[in-house]
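Residue-level structure breakdown
The lines below spell out each chain.
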Amino acid sequence: MTPRVVLTIAGSDSGGGAGIQADLKTFAALGAFGTSVITAVTAQNTLGVTAIHPVPAENVAAQLDAVLADLPVAAVKVGMVSDPAVAKVIASRAGDLPNLVVDPVLVATAGSRLGEVSVVSALCSYPCVLTPNRHEAGALLGRPVETAEEMIVAAGELAELGPRAVVVTGSDLALDVLHFAGETVLLRGEPVSTVNNHGSGCTFSSAIAVRLAEGDSVPAAVVAAKEYVRRGLLGGSAWRLGNGPGPLDHFGWSV
């Protein structure tokens, strides 16, 4: 059977743990055919980001047009976008981007700034599934978001910006908050004891995109993605790749 085509619009991670690399691994692990539009080339490893080279907006537009003109894209995940001009390119084609998932990448796991709030905010008003972690939710709202109660409030407020759904992830808390169709649901999980969580947000949003491409409802897609990330964290928990937070095991624990 011909696989579903899923597109990632994001930055490249030279260390292979996050960004485009994590997205494509997730797509492949979950049976989708991955395509990509690269918004930036980063120099990074498990210790952090040392350089960022934005891809010109006209090249991003050319990549996007090439994919959409030929391949039947069933879902789109947007990750790192740091240039307002690139955000404008994506926004101008939002009507051609089905099952849109926006991961508002603002800060890398190691603390490096990857995106600007104003740029990410420009994409939040489209009918997407918005997937900030609690720190990114706080950045978008201009205040700290730490506790479960604050995550619940944040999900509701972010939903007012216009996305189809909002998932505020709790990262190490293993608690996610889903706001969809006017209702807020707490998704509790079992925390995985590991420092190897680099790319977990990218993986989560990419897994949601795959499941939406396969026809899942938003709640079902989020639950499936949460379980996939849990298994990926568990599978890579004992890995020793690099000297900082390592990646997930994208293939050993596929669902």
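Presented here is a report on the structure given in the accompanying data block. (Residues numbered from 1 in each chain as written. Predicted model: local features only at pLDDT ≥ 70, side-chain atom pairs only at ≥ 80, totals over all residues. Heavy atoms only, no water.)

**Brief notes about the overall build of the chain**
Looking only at helices and strands, the chain features eight helices and nine strands. Relative to the 2.2 N^0.38 estimate, which gives 18 Å for 255 residues, the radius of gyration of the chain is 16 Å and therefore close to what a compact globule would have. Dimensions of the chain, computed from C-alpha atoms along their principal axes, come out at roughly 45 × 40 × 40 Å. In the chain, which comprises 255 residues, the share counted as buried stands at 52%. Intrachain contacts of the chain at a sequence separation of at least 6 include 66% that bridge at least 24 residues. Accessible area of the chain: about 10700 Å², with a carbon and sulfur share of 56%. Each charge class in the chain can be summarised by its mean position, and for the 15 positive and 23 negative side chains these summaries are 4 Å apart. (Helix = DSSP H or I, 4+ residues; strand = E, 2+ residues; numbered from the N terminus. Rg over C-alpha atoms; globule rule 2.2 N^0.38 Å. Buried < 20%, exposed > 50% of the residue type's maximum accessible area, 1.4 Å probe, protein only. Contact = heavy atoms within 4.5 Å. Areas by Shrake-Rupley, 256 points an atom, 1.4 Å probe, with all protein chains shown as cover. Lys, Arg positive; Asp, Glu negative; His and termini not counted. Charge placed at Lys NZ, Arg CZ, Asp CG, Glu CD.)

**Some thoughts on the pattern of salt bridges**
Applying the stated criterion across every chain, the model contains nine salt bridges. The partner of R134 in a salt bridge is E146, and the shortest N-O contact between them spans 3.4 Å. With a gap of twelve residues between them, R134 in helix α5 (residues 134-141) and E146 in the loop between α5 and α6 (148-159) connect regions that are remote in the sequence. R134 sits in the buried class, given a relative accessible area of 7%. With a closest N to O distance of 2.9 Å, D216 and R211 form a salt bridge. Classification of R211 as partly exposed rests on a relative accessible area of 24%. (Salt bridge = Lys/Arg side-chain N within 4 Å of Asp/Glu carboxyl O.)

**Quick look at the sheet that holds strand β7 (residues 165-169)**
The strand order β3-β2-β1-β4-β5-β6-β7-β8-β9 describes an open sheet built from nine strands, whose pairing is mixed. Among the strands making up the open sheet, the edge pair consists of β3 (48-54) and β9 (183-188). Pairing of strand β1 (residues 5-13) with strand β2 (residues 33-45) involves nine bridges; the strand directions are parallel. The partner of G11 across the bridge, within β2, is A40. In the packing of α6 onto the sheet, the strands contacted are β6 (129-130), β7, β8 (175-180) and β9, and the crossing angle to β8 comes to about 30°. (Pairing = 2+ DSSP bridges. Axes fitted to C-alpha atoms, helices over the stretch in contact; angles between N-to-C directions.)

**What about the packing of helix α2 (residues 57-70) against helix α3 (residues 84-92)?**
It is at 9 Å that the axes of α2 and α3 come closest, and there the two elements cross at 25°. In this view, α2 runs roughly parallel relative to α3, as classed from their interaxial angle. As α2 packs across α3, the resulting crossing turns out to be right-handed. Contacts between α2 and α3 involve A57, V60, A61 and L64 on the former and, on the latter, A85, V86 and V89. (Parallel < 35°, antiparallel > 145°, perpendicular 65-115°, else oblique. Left-handed = near helix turned anticlockwise from the far one by under 90°.)

**Some thoughts on the packing of helix α1 (residues 19-29) against helix α7 (residues 200-213)**
The N-to-C vectors of α1 and α7 enclose an angle of 40°; their axes lie 9 Å apart at closest approach. Looking at the two axes, α1 sits oblique to α7. The element α1 and its partner α7 pack so that their crossing is right-handed. Contact residues: G19, A22, D23, T26 and F27 in α1; C202, T203, S206, A207 and V210 in α7. Looking at side-chain class alone, the contact of α1 with α7 contains five nonpolar, four polar and one charged residues. (Nonpolar A, V, L, I, M, F, W, Y, C, P; charged D, E, K, R; others polar.)

**Focus: helix α8 (residues 218-235)**
Under the 1.5 Å per step criterion, the end-to-end length of α8 is 26 Å for 18 residues, consistent within 8% with the ideal 26 Å. Looking at the buried residues of α8, the elements they touch are α1, β6, β7, β8, β9 and α7. (Expected span 1.5 Å × (residues − 1).)

**Thoughts on the nonpolar core**
L7, I9, V76, V78, V81 and I90 are the most contacted members of the largest nonpolar core, which has 39 residues in total. By size, the runner-up hydrophobic cluster in this structure holds 28 residues, among which are V6, L187, A221 and V229. (Core = buried A, V, L, I, M, F, W, Y, C linked by side-chain atoms within 4.5 Å.)

**Some thoughts on the pairing of β8**
Within a regular strand, side chains alternate between the sheet's two faces. Most of β8 sits out of view: five of its six residues are buried. One ladder, built from five bridges, connects β7 with β8; its direction is antiparallel. Among the inter-strand pairings, V168 is bridged to a residue of β8, identified as V177. In this structure, the hairpin formed by β7 and β8 is closed by a connection of five residues, where S171 is found at a positive phi of approximately 55°. Examined bridge by bridge, β8 and β9 share six bridges and lie antiparallel to one another. Opposite F180, over in β9, you have E183 as the bridge partner. Joining the antiparallel neighbours β8 and β9 is a turn of two residues, in which A181 adopts a positive phi near 55°.

Any functional reading would require information beyond the geometric quantities listed.
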